[in-house]
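Residues per chain, in single letters:
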Amino acid sequence: MKVKRILAVVKMETTRIFAEPLTLVFTLLLVPVLILIFGLTMGSNYGWHEDYTVFEIMVPGLLAYGCLLTILDVASSVAGGRELGLQRRINTTPLTSAEHIFSQIISYTIKPLLQLLLGLGMALIVGYRPANTAVGYLLVIVFLVILTFCCVGLGLITANFAKSANAASGLAFIFIVPQQIFATFIPPEFMGAGTFKWIFPSFYATDGLGLIFAGTPLTDSRIWIRLGILFAISIVIYVIGIFVYEKNKNK
Amino acid sequence: MKNNDRIKKKDISNSGMIHNLVNSNAIEVKDLKKYFAEKKKMDDVKAVDGISFHVKNGEIFGLLGPNGAGKTTTINILTGMHSPTEGTAVVGGYNVKTNLKRIKEIISVCPQEPAVIKFLSGLGNIKFFGKLYLMSKEQITERSEKLLKLLGLYDARKRLAKSYSGGMLRQLSLIISLISEPDILFLDEPTVGMDPRNRRKVWEFLGSIKQQKRTIILTTHYIEEAEELCDRVAIIDYGKLIAIGPPKKLIEEHEVKNLEEVFMKITGRRILEGM
Ligand SMILES: Nc1ncnc2c1ncn2[C@@H]1O[C@H](COP(=O)(O)OP(=O)(O)O)[C@@H](O)[C@H]1O
Ligand SMILES: [Mg+2]
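What you see is a predicted model; the values in this text were computed from it and never measured. (Residues numbered from 1 in each chain as written. Chains lettered and ligands numbered in written order. Predicted model: local features only at pLDDT ≥ 70, side-chain atom pairs only at ≥ 80, totals over all residues. Heavy atoms only, no water.)

On to the overall build of chain A. Scanning chain A from terminus to terminus reveals nine helices and zero strands. Listed N to C, the secondary structure of chain A is α-α-α-α-α-α-α-α-α in terms of helices and strands. Computed over the C-alpha atoms, the radius of gyration of chain A is 18 Å, within 12% of the 18 Å expected from 2.2 N^0.38 for a compact globule of 251 residues. A principal-axis box enclosing the C-alpha atoms of chain A has dimensions of 60 × 35 × 35 Å. The buried share of chain A, taken over its 251 residues, is 55%. Residue pairs in contact within chain A that sit at least 24 positions apart in sequence constitute 76% of those at least 6 positions apart. Summing over all exposed atoms, chain A offers an accessible surface of approximately 10700 Å²; the carbon and sulfur share of this is 72%. Separation of charge centres in chain A, based on 17 positive and 12 negative side chains, amounts to 16 Å. (Helix = DSSP H or I, 4+ residues; strand = E, 2+ residues; numbered from the N terminus. Rg over C-alpha atoms; globule rule 2.2 N^0.38 Å. Buried < 20%, exposed > 50% of the residue type's maximum accessible area, 1.4 Å probe, protein only. Contact = heavy atoms within 4.5 Å. Areas by Shrake-Rupley, 256 points an atom, 1.4 Å probe, with all protein chains shown as cover. Lys, Arg positive; Asp, Glu negative; His and termini not counted. Charge placed at Lys NZ, Arg CZ, Asp CG, Glu CD.)

Written out as structure tokens, the structure reads:
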């Protein structure tokens, strides 16, 4: 593993955020903007719960939603690279698979983390006051990094089925939309599908974040069970993702 | 790393230097086959069907043949993108099956499609690829300036590649493949889609590289390109090698005027037919 090569790929991938308007919106701005809108419109609406506003209930899911967009980012970037022959060209250089994958993980994790920071910042600005501690925030980051891993895997799987970057963006929503509806900021009870949510990785992150933000003691087993399940699902999906990626990388 | 994969190569560990491959061939290909399984057809597509040739060090070697002859597939095998169905391929003394990692350090490929990163500037692209070869900033700056000026892309170097014309993208793609000063350079249809003026410029440029003792393997379906640039050409058709040698010699042997007529005499078809 050569740091210079890894940094080169990370720099190139992060340049992409600001170079393509769509990437900029989806990987950095969408969640903060949604939080701003929901904060302003539902910050004093107690329609769902007597102690929490609708907005407060939505925040954990909105943050998880930001990670889900990684699927779109990864899928379109990988399928796009393949479409242009760029992936193949890079494969003829001394960059190793391990270096390539490692640097992609770094770049794909930086983006949702930036979005998370912007999103949380925005939430605090519009009046969100979570009851958690500093350690709680750390745990929030752990949850979302693991979810991001899972989404990198889903993105790689999506790219496998798409011939072009555009097709990949479309396909990515097959993974994004159901999770968004059943297991992020839209309460599943409202869709009459509460039982579905258990199959979606994003549910475990959203629910874990909800518990943390509500001030649940960090020793509470519910938090750790959610983290454990999320971790297990993510590892499986991630390994499948890397497998299909490796199989197709010279296509 | 198995040592016996290495054929007569004096090891110069100082990377970036042109490797000393005296008395050995840059490339050796023997009975190479690549069959692609086609779901809808009974038979496999025989993209490369048992070809053998070698390329000497410092030589410009051409793979000439019509569309679909198997030129790109051959290059893809030599650069590790496809594994051969049968046969052996040795590049720079290393076997493609066992020592790809070493091969990647001494080769560079300019693919058929101008694969550049559209959201980076021309210079940004060059820097990115230079870093993948662990070149220093100074090396990259010095070399890229020279190449950009030589190929007339210097004034456009800071523009995003997505604003480049087709010809400019090809030139950039060529520069990228040269930035690492590879011992062995693969050029897949390097001047396709270029206007005659730029094509001439690239030919002159490739001719000047020749003095640097760099081995170049280029594929083309332009007869002129093969005749003008190549020390030797291999003419391939339907995955088979049908003639090999210096262009002049092939033309003399077949008592014709150019390589096109050589191809015609052997196959009864024109190279550009059906393009
Ligand atoms: N990945 C592939 N799968 C199936 N067939 C392929 C593949 N790549 C190339 N071929 C076929 O192999 C033949 C040779 O292709 P190619 O090497 O690209 O020719 P050339 O570069 O000389 O134009 C063609 O018939 C092409 O359709
Ligand atoms: Mg070709």
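There is more to say after this.
The subject of this paragraph is the sheet that holds strand 8 (residues 215-220) of chain B. Residues and elements named next belong to chain B. With mixed pairing, the six strands of this open sheet are ordered in space as 6-7-8-3-9-10. The open sheet has two free edges, formed respectively by strand 6 (107-110) and strand 10 (240-245), since each of these has just one partner strand. Taken over all neighbouring pairs, the strand axes of this sheet differ in orientation by 15 degrees on average, direction set aside. Contacts from helix 5 (residues 166-178) reach strand 6 and strand 7 (184-188) within the one sheet, and its direction differs from that of strand 6 by about 175 degrees. (Pairing = 2+ DSSP bridges. Axes fitted to C-alpha atoms, helices over the stretch in contact; angles between N-to-C directions.)

In this structure, Ile117(B) sits in the loop between strand 6 and helix 3 (122-132). Among the residues examined, Ile117(B) registers a relative accessible area of 1% and is labelled buried. In this structure the C-alpha to C-alpha distance between Ile117(B) and Lys162(B), which are 45 residues apart in sequence, comes to 8.2 Å. Aside from chain neighbours lying at most four places away, what touches Ile117(B) is Met12(A), Leu86(A), Asn125(B), Phe128(B), Phe129(B) and Ala161(B).

Okay, empty space enclosed by the protein next. Under the definition given, this model contains four cavities of 30 Å³ or more. Lining the largest cavity are Arg89(A), Thr92(A), Thr93(A), Ser108(B), Val109(B), Phe129(B), Tyr133(B), Ile176(B) and Ser177(B). Residue classes in the lining of the largest cavity are distributed as four nonpolar, four polar and one charged. (1 Å grid on protein atoms, 1.4 Å probe; cavity = no way out; pocket = protein on both sides within 12 Å on 5 of 7 lines; lining within 4 Å. Points joined across faces, edges and corners; volume = space filled by probe spheres on them. Nonpolar A, V, L, I, M, F, W, Y, C, P; charged D, E, K, R; others polar.)

Residue and element names in this part refer to chain B. Every residue lining ligand 1 is accounted for by Phe36, Glu38, Val45, Ala47, Pro66, Asn67, Gly68, Ala69, Gly70, Lys71, Thr72 and Thr73. A distance of 3.1 Å is found between an oxygen atom of ligand 1 and a backbone nitrogen or oxygen belonging to alanine 69. Within the side chain of threonine 72, an N or O atom sits 2.7 Å from an oxygen atom of ligand 1. Calculation on ligand 1 without its partners gives an accessible area of 560 Å², and the protein chains cover 64% of this total. Of all the secondary-structure elements, those providing two or more residues to the shell around ligand 1 are strand 2 (45-56) and helix 1 (71-78). (Near = heavy atom within 4 Å. Polar contact = N/O pair within 3.5 Å; in protein donor to acceptor, adjacent residues only side chain to side chain.)

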